[in-house]
Structure formats: C-alpha cells, structure tokens
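A structural walkthrough
Listed below, chain by chain, are the residues.
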Amino acid sequence: MTDHKHLYWHQTKITREQRSSLNGHKSFVIWFSGLSGSGKSSLANEVERMLYDKGFKTYILDGDNVRHGLNRDLGFGISERRENLRRIGETAKLFIDAGVIVLAAFISPYHEDRQMVYSLFDKQEVIEVYVKCSLEECERRDVKGLYTKARKGEIRDFTGISSPYEEPVNPDCVVETEVLSKEESAKQIIDFLIESGKIEK
Ligand SMILES: Nc1ncnc2c1ncn2[C@@H]1O[C@H](COP(=O)(O)OS(=O)(=O)O)[C@@H](OP(=O)(O)O)[C@H]1O
Ligand SMILES: Nc1ncnc2c1ncn2[C@@H]1O[C@H](COP(=O)(O)OP(=O)(O)O)[C@@H](O)[C@H]1O
C-alpha cells in the first residue's frame, strides 16, 4: 500500500464554482449501466448531441474506449471490473471539477461497485440510468458479435452469459430500449435533467 501521508492537497485559485459560472451550467455525471448491447453508448451519444446542441460542455467516458487506453491493463474478472470503475469514477470526478457534464457508459454489473463509484461524488452529482434491455434482445442485436463468441466459450466471464449482471436497485431513470426509439430514450433523460433541476430548458 502506498504511503500518502506526505502528500498535500493544493487548492486551486480558480474554483469549481467559478468554472461552472463561466460555463453557465452545473457539472455532474450521468452513469449508464446495462448489459452489453443494451444501448449505453448509443444513448450516451444521443444525449450528448442534444446537450451539445443546447450549448452544454460534455464528455463521454465509454467502456470500450477507456479500456483501449487508461484501463488497457484490466480484464473482466471481479476485481479488475472493480478497479476499472474506480479509475473511471476518479476520472469523472476530475471532469466534474473542470465543469463538464460526464456521460459514463459502462456495464458496471455489480451493485457494490456502483455504490463504491457513486460514493466518490456528492449525492446530487450522480444520476444513475439503468439502460434496460432483456438478455434475449441484446443477444438478438449482438452488435459486435460478442454474444455468439461468448456462447461458443470463446470469451470468458462474459456479462449475462458467464458473469452476472445485478440490476440497479433504485435508479433515477429506467430507459427501456426494447420499447423506445433512441431519440425517445434520450428525450426521457433530457426531460429528467430538466425536471430534477440539473439543467435549464
Ligand atoms: N467478458 C466481457 N464481458 C463484458 N464485456 C466485454 C467482455 N469482454 C469484452 N467486452 C467488451 O468490453 C465492454 C465492457 O466494458 P466495461 O468497462 O463497460 O465493463 S465493466 O463495467 O467493467 O463490467 C463491452 O462493451 P459494451 O458492449 O459497449 O457494453 C464489450 O465490448
Ligand atoms: N432506445 C434505444 N436506445 C439505444 N440503443 C438502441 C435503442 N433501440 C435500439 N438500439 C440499438 O441497440 C444497439 C445498442 O448498441 P450499443 O449502443 O453499442 O450498446 P452498449 O453500449 O450498451 O453495448 C444499437 O445498435 C442501437 O441502435
């Protein structure tokens, strides 16, 4: 374990409040959790486009992309998924401090790990979105052909097949991507952000 007792927190001259005020909006994280193929990336991109069009500063953190760089050393075992989310949480925190709205799209399959990530933030800084779609439909979509490979035993610990997905217990939004179009799903989230006072119209 690294010894942190000789580290000191440096207070910056420009505060988060000043950055928010310059941007003209609050910063927070929208955390999209759901099975592979449930629609996390598509939805995060659609919501980002809508926010961008309204002039908000945004950034997407996405499972596949982050695992190409920052988390390229991590696999899909229980402890590696946990470390994956911890690093992403800390990264999201930096973006929030910078005044940016973060859209985080990660399977984040374990209840305990999601709680660990959310505990890094103030309660009002995190919105949990459950991107809900049945395993059958995700497999039917099989966007990247991963379910076929997982069924053949070519991918270990694949969520929904050989690794668990624990549904969010009390999410702020449940988006049913099997029923709604991409645009309707994104609009549901934008409406929630407005109703909950996170953004103005
Ligand atoms: N074993 C296994 N299980 C699940 N997913 C796998 C696996 N191996 C590779 N992939 C690809 O990695 C993407 C999920 O990464 P995440 O960082 O979101 O996963 S996690 O939150 O740490 O569980 C996931 O992306 P999405 O399909 O966008 O969810 C897959 O493309
Ligand atoms: N309401 C919806 N929201 C998001 N994606 C949807 C929706 N309806 C259908 N889809 C489709 O489901 C697939 C989801 O893929 P993707 O966004 O990569 O999922 P994930 O990031 O969860 O793996 C895309 O082909 C997308 O067009």
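Small disclaimer: the values here were computed from a predicted structure and weren't measured.

This next bit is on the packing of aromatic side chains. Overall, the coordinates contain five aromatic pairs when judged by the stated rule. Between Tyr59 and Phe95 the ring centres are 4.8 Å apart and the planes differ by 5°, which places this aromatic pair in the stacked class. Here Tyr59, found in strand 2 (residues 58-62), pairs with Phe95, found in helix 4 (residues 78-97); they are 36 residues apart in sequence, far enough to count as distant. Classification of Phe95 as partly exposed rests on a relative accessible area of 24%. Centroid distance Tyr147 to Phe158: 5.1 Å. Interplanar angle 80°. Geometry classified as edge-to-face. On the criterion of sequence distance, the pair formed by Tyr147 in helix 7 (residues 146-151) and Phe158 in the loop between helix 7 and strand 5 (173-176) is long-range, its members being 11 residues apart. Taken individually, Tyr147 and Phe158 each receive the classification buried, so the pair is uniform in this respect. Members of the aromatic cluster, connected to one another through ring pairs, are Trp31, Phe106 and Tyr118.

Turning next to the site of ligand 1. Neighbouring ligand 1 are 21 residues, the closest being Ser36, Arg67, Arg81, Asn84 and Lys144. A distance of 2.9 Å separates an oxygen atom of ligand 1 from a polar side-chain atom of Lys40. Elements with a contribution of two residues or more to the shell around ligand 1: helix 3 (63-66) and helix 4. At three residues, the largest contribution of residues to the shell around ligand 1 is made by helix 4. Grouping the amino acids of the shell around ligand 1 by side-chain chemistry returns eight nonpolar, six polar and seven charged.

Turning to the pattern of salt bridges, a few remarks are in order. Within the structure shown, the criterion is met by 14 salt bridges. The closest approach of N and O atoms between Arg140 and Glu137, which form a salt bridge, is 2.8 Å. Taken as a pair, Arg140 and Glu137 lie in helix 6 (residues 135-141) at a separation of three residues, close to a single helical turn. Residue Arg141 pairs with Glu137 through a salt bridge whose shortest N-O separation is 3.1 Å. One end of the pair is Arg141 and the other is Glu137, both in helix 6 and four residues apart, which spans about a single turn. What makes Arg141 partly exposed here is its relative accessible area of 27%. Using a relative accessible area of 14% as the deciding quantity, one classes Glu137 as buried.

What counts, and where the lines are drawn
Residues numbered from 1 in each chain as written. Chains lettered and ligands numbered in written order. Predicted model: local features only at pLDDT ≥ 70, side-chain atom pairs only at ≥ 80, totals over all residues. Heavy atoms only, no water. Phe/Tyr/Trp six-rings, centres within 6.5 Å; stacked < 30°, edge-to-face > 60°. Helix = DSSP H or I, 4+ residues; strand = E, 2+ residues; numbered from the N terminus. Buried < 20%, exposed > 50% of the residue type's maximum accessible area, 1.4 Å probe, protein only. Near = heavy atom within 4 Å. Polar contact = N/O pair within 3.5 Å; in protein donor to acceptor, adjacent residues only side chain to side chain. Nonpolar A, V, L, I, M, F, W, Y, C, P; charged D, E, K, R; others polar. Salt bridge = Lys/Arg side-chain N within 4 Å of Asp/Glu carboxyl O.

Any link to function would need more than the numbers given here.
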